[in-house]
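Working through the structure, step by step
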Amino acid sequence: MADRYTQFAGSPPGKFLVKQLGLPSPKELRRYEPGQDLLDGPALIGGAPGGRLAGTVARVLGDAGAEWFVHSPHVAKAAKVRGAKRNDDGERRYAALVYDATGITTSGELHDLYAFFHGSIARLAPFGRLIVLGTAPADAAAVPAKIAARALEGFTRSAAKEVRAGATAQLVYVAPGAEDGIEGTLRFLLSARSAFVSGQVVRIGQGATEGVADWEHPLAGKVALVTGASRGIGESIAETLARDGAHVVCLDIPAAGEALTTVANRIGGSSLQLDITAPDAPERLVAHLTERHGGVDVVVHNAGVTKDRTLARMTDEQWDVLMAINLTAQERLTDALLESGALREHGRIVSLSSMNGIAGQKGQANYATSKAGIIGFVEAMAPVLAERNVTVNAVAPGFIETQMTAAMPIATREAGRRMNSLSQGGLPRDVAETIAWLASPASGGVTGNTIRVDGQHLVGA
């Protein structure tokens, strides 16, 4: 459904009226198209003395064909791996600001972080990217360093609410020894693929990361399973994974068979009609994937339903059916794929949670419980699966423009669209792009994360 307010706000009379009334001024987001450059302008690399990531950032930008500049002599020295570019002239506009905070070990040293962005944030171009790289508090060596590391979250989330014109801000914690595993995450967060992701904290550990020969098709040769793939967000996920090179097995209930086949045929994938709550569903899924495809590399647990009622009015069936589909089926299918060996080494599991699983929602106690359970599933399984070089992450969408949200009352719909830092709703493709990043061979160090795709919604953490 068209966002007519965003269209009006971008028109000449709309711009004038919005400014005069102090209304939200959303910018139609720049989203990824195949062949698009990583950045549409230069990047500025800054960092505290003693940081360990400036050189890696410079290498990633250089390999992607992006132009970059340095903020200070010590950053130029750290980035010498690619040959330092010219220093910042204090006036240039930038498509990205990247700051290496891994050298900050006390709260007093946070002043360097402030000073860098104090002098550069106003020069961040429309649709720009602001990224802070740090060491997670748990990985910091001493108490003062742990305190300073945690402080980065408040800074980055606040910066995400200050940037304008479709720009975003993120914090990436990189474990010591995981420096070479940040390329996939940097490429995602810097690019237009992350258009509706902002104010997020990503944690990268020392997972086994595979090389990517073709960044336009990072999933070439992979087999991906997407449940609930016949329409909406599931359909978009299937399309995006296929675009990135995967053979996609599209799964949905038999009642959606015709639509499912249409999606599978359009993307060059295959279809599987299966009720994931059936007693024999795990065995049938394993048999299909092993016999037809020799196994699976990417599993996206997208299938889900809503059955809204306040607790006092909710029936046993509304609770039990929803939990069976949204949560229990994911556990059963995952267990079967792991026990059978159908999920290959270096596999990727991505589960769909929800903003409501984090913040809660009136009338959705069942739904919020299931989506919070998915976050628990990811957190509990991450260390177990790490032993198999398999990652597991969750994506928690906020307000996404779908058939379901189009049916909302207009006041509820408009509130959902505007209550985030980008002042608009996301698209199914925004969720799909985030899943494609987590599914990439280059994301081997990214596990146990829950990434919100909500434009930095004002509700919840």
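Residues numbered from 1 in each chain as written. Predicted model: local features only at pLDDT ≥ 70, side-chain atom pairs only at ≥ 80, totals over all residues. Heavy atoms only, no water.

**Side note on the environment of K80**
Test applied: Strands here are runs of E lasting at least two residues and helices are runs of H or I lasting at least four, both read from the DSSP assignment and numbered beginning at the N terminus. Any residue under 20% of the maximum accessible area for its type is buried, any over 50% is exposed, and the rest in between are partly exposed; the area is computed with a 1.4 Å probe on protein chains only.
Looking at where K80 falls in the secondary structure, it is placed in the loop between α4 (73-78) and β3 (94-100). Given the relative accessible area of 61%, K80 is considered exposed. Sequence separation between K80 and G47 is 33 residues; the distance between their C-alpha atoms is 14 Å.

**Some thoughts on the environment of S370**
Applied cut-off: Note on contacts: a residue pair qualifies if any of its non-hydrogen atoms lie within 4.5 Å across the two residues. Residues adjacent in sequence count toward polar contacts only when both atoms are side-chain atoms; beyond that, a polar contact is any pair of N or O atoms within 3.5 Å, and within protein one must be able to donate a hydrogen and the other to accept it.
Looking at the secondary structure, you find S370 in helix α13 (residues 365-386). Among the residues examined, S370 registers a relative accessible area of 0% and is labelled buried. When the C-alpha positions of S370 and E183 are compared, they lie 33 Å apart, and in sequence the two are 187 residues distant. When near neighbours in sequence (up to four residues on either side) are disregarded, S370 contacts L322, M323, N326 and L327. Polar side-chain contacts of S370 include one of 2.7 Å to the backbone oxygen of Y367.

**Observations regarding the packing of helix α10 (residues 281-293) against helix α11 (residues 316-340)**
Rule in force here: Angular values range over 0 to 180 degrees, each being the angle between N-to-C directions of two axes fitted as lines to C-alpha atoms, with helices fitted over their stretch in contact. Roughly parallel means an angle under 35 degrees; roughly antiparallel means over 145; roughly perpendicular covers 65 to 115; every other angle is labelled oblique. In a left-handed crossing the near helix is turned counterclockwise from the far helix by less than a right angle, and in a right-handed crossing that turn is clockwise. Residue type decides the class: Asp, Glu, Lys and Arg count as charged, Ala, Val, Leu, Ile, Met, Phe, Trp, Tyr, Cys and Pro as nonpolar, and the leftover types, Gly among them, as polar.
Look at α10 against α11: their axes get within 9 Å of each other, and the N-to-C directions meet at 45°. Compared by their axis directions, α10 and α11 come out oblique. In the packing of α10 onto α11, the handedness of the crossing is right-handed. Taking contact as the criterion, the partners of A281, P282, L285, V286 and L289 in α10 are, on α11, R332, L333, A336, L337 and S340. Each residue belonging to the contact of α10 with α11 can be placed in one class, and the counts come to 8 nonpolar, 1 polar and 1 charged.

**Thoughts on α11**
Test applied: Expected helix span is taken as 1.5 Å per residue step, with the number of steps being one fewer than the number of residues. In this scheme, the bend at a residue equals the angle between the axes fitted to the seven residues that finish there and the seven that begin there.
If you check α11, its first and last C-alpha atoms are 33 Å apart, about what 25 residues at 1.5 Å a residue would give, namely 36 Å. The largest bend in α11 is about 45°, located at A324. Looking at the residues trailing α11, positive phi occurs at G341, about 80°.

**Topic: the packing of aromatic side chains**
Keep this limit in mind: Each pair of aromatic rings taken from Phe, Tyr and Trp, with Trp reduced to its six-membered ring, is defined by centres within 6.5 Å and is described as stacked if the planes are under 30 degrees apart, edge-to-face if over 60, and tilted in the remaining cases.
Summed over all chains, the structure comprises 6 aromatic pairs. Aromatic pair F69 and Y94: ring centres 6.3 Å apart, planes at 65°, arrangement edge-to-face. Within this pair, whereas F69 is found in strand β2 (residues 68-70), its partner Y94 is found in strand β3, the two being separated by 25 residues in sequence. Each member of the pair, F69 as well as Y94, carries the same accessibility label: buried. Between F116 and F117 the ring centres are 4.8 Å apart and the planes differ by 80°, which places this aromatic pair in the edge-to-face class. Put simply, the rings of Y99, F116, F117 and F155 pair up and form one aromatic cluster.

**Some details on the packing of α11 against α13**
In contact at an axis separation of 8 Å, α11 and α13 are set at 15° when each is read in the N-to-C sense. Classed by the angle they form, the pair α11 and α13 counts as roughly parallel. α11 and α13 meet at a crossing whose hand is right-handed. On α13, the residues that touch Q318, W319, L322, M323, N326, L327, Q330, E331, T334 and L338 of α11 are A365, N366, Y367, T369, S370, K371, G373, I374, F377, M381 and L385. The residue inventory of the contact of α11 with α13, partitioned by class, reads 11 nonpolar, 8 polar and 2 charged.

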